[in-house]
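Close look at the chain arrangement
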Amino acid sequence: MKGRWKLYLPHSYRTLNGRPGGKDGVPAPYEQRTLEKAELYDVVSDISERTDLGAANPEVVAELEKLAEDMRQIWVIRSPSVRPTVLVWREKSSEGLGSLTELSQTAVNQKEGCRYIG
C-alpha cells in the first residue's frame, strides 16, 4: 500500500467465493483462482476493492511493483552465516517511495531516516 493505493500482485489463491465456510466441522469446497496481472485499488474511494485502476495509473503500479521487488530481495540477500552488509529501509523522501539500501552496520548507525531490517 501507498497512501490511498493498494496493489495485489499476481498469485494463486483459494476462495469460498461468498459461500458459507462449512457446517458441523465439514469444510465447504473451495475454488482455486489465479490473479494473472497486478490489480490496483483506491481504498479511499473504493473500500470494497471492486474497480481495478491499474490501467489508468500505470506509474503507481510500476512504483509499487518496484517496492515489492525490493522487499523480495531481502530474502535473497539475507544470509544467517555471512553478513558483510545489512539492508535498511530508507524512509519516504521528496522523490517518492523509500528504498532498500545495503550499508555496513556502522553506516546504519550513522544514517538518519534508516531502519535496520536484518
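In what follows, the structure referred to is the one given above.
Residues numbered from 1 in each chain as written. Predicted model: local features only at pLDDT ≥ 70, side-chain atom pairs only at ≥ 80, totals over all residues. Heavy atoms only, no water.

Looking at the pattern of salt bridges
Oppositely charged side chains are able to pair whenever their charged atoms sit close together. Rule in force here: A pairing counts as a salt bridge when a side-chain nitrogen of Lys or Arg comes within 4 Å of a carboxyl oxygen of Asp or Glu. What counts as a helix is a DSSP run of H or I of at least four residues, what counts as a strand is a run of E of at least two, and both are numbered from the N terminus. Relative accessibility under 20% of the residue-type maximum defines a buried residue, over 50% an exposed one, and the middle range a partly exposed one, all with a 1.4 Å probe and only protein chains included.
Here the structure, examined in full by the defined rule, presents 7 salt bridges. A salt bridge links Asp42 to Arg4; its shortest N-O distance comes to 2.8 Å. Of this pair, Asp42 sits in strand S6 (residues 39-42) while Arg4 sits in the segment before strand S1 (5-8); the two residues are 38 residues apart in sequence, bridging distant segments of the chain. When its relative accessible area of 37% is taken as the criterion, Arg4 is described as partly exposed. As a salt-bridge pair, Asp70 and Lys66 come within 3.0 Å of each other at their nearest N and O atoms. Pair noted here: Asp70 and Lys66 are both in helix H1 (residues 58-77), with a separation of 4 residues, about one helical turn. On the basis of relative accessible area, Asp70 is assigned to the buried category, the value being 16%.

A closer look at the nonpolar core
Note the threshold: Residues belong to a common nonpolar core when they are buried Ala, Val, Leu, Ile, Met, Phe, Trp, Tyr or Cys residues joined through side-chain atoms within 4.5 Å. Note on definitions: a residue-residue contact is assigned when non-hydrogen atoms from the two residues lie within 4.5 Å.
Within the largest apolar cluster, 7 residues are counted, these being Trp5, Leu7, Ala38, Leu40, Val60, Val61 and Leu64. Going through the elements one at a time, S1 and H1 are the ones with two or more residues in this core. Considering every element that reaches this core, the biggest residue donor is H1, with 3 residues. Apart from residues lying up to four places away in sequence, Val60 is in contact with Trp5 and Leu40.

Regarding the pairing of S1
Here is the key point about a regular strand: its side chains alternate between the two faces of the sheet. Going by this rule: Each pair of strands is called paired provided DSSP finds at least two bridges between the two strands.
By the alternation rule, side chains of S1 split into Trp5 and Leu7, which are all buried, and Lys6 and Tyr8, of which none is buried. Note: S1 against S6, 4 bridges, orientation antiparallel. Pairing of Leu7 across the sheet is with Leu40, part of S6.

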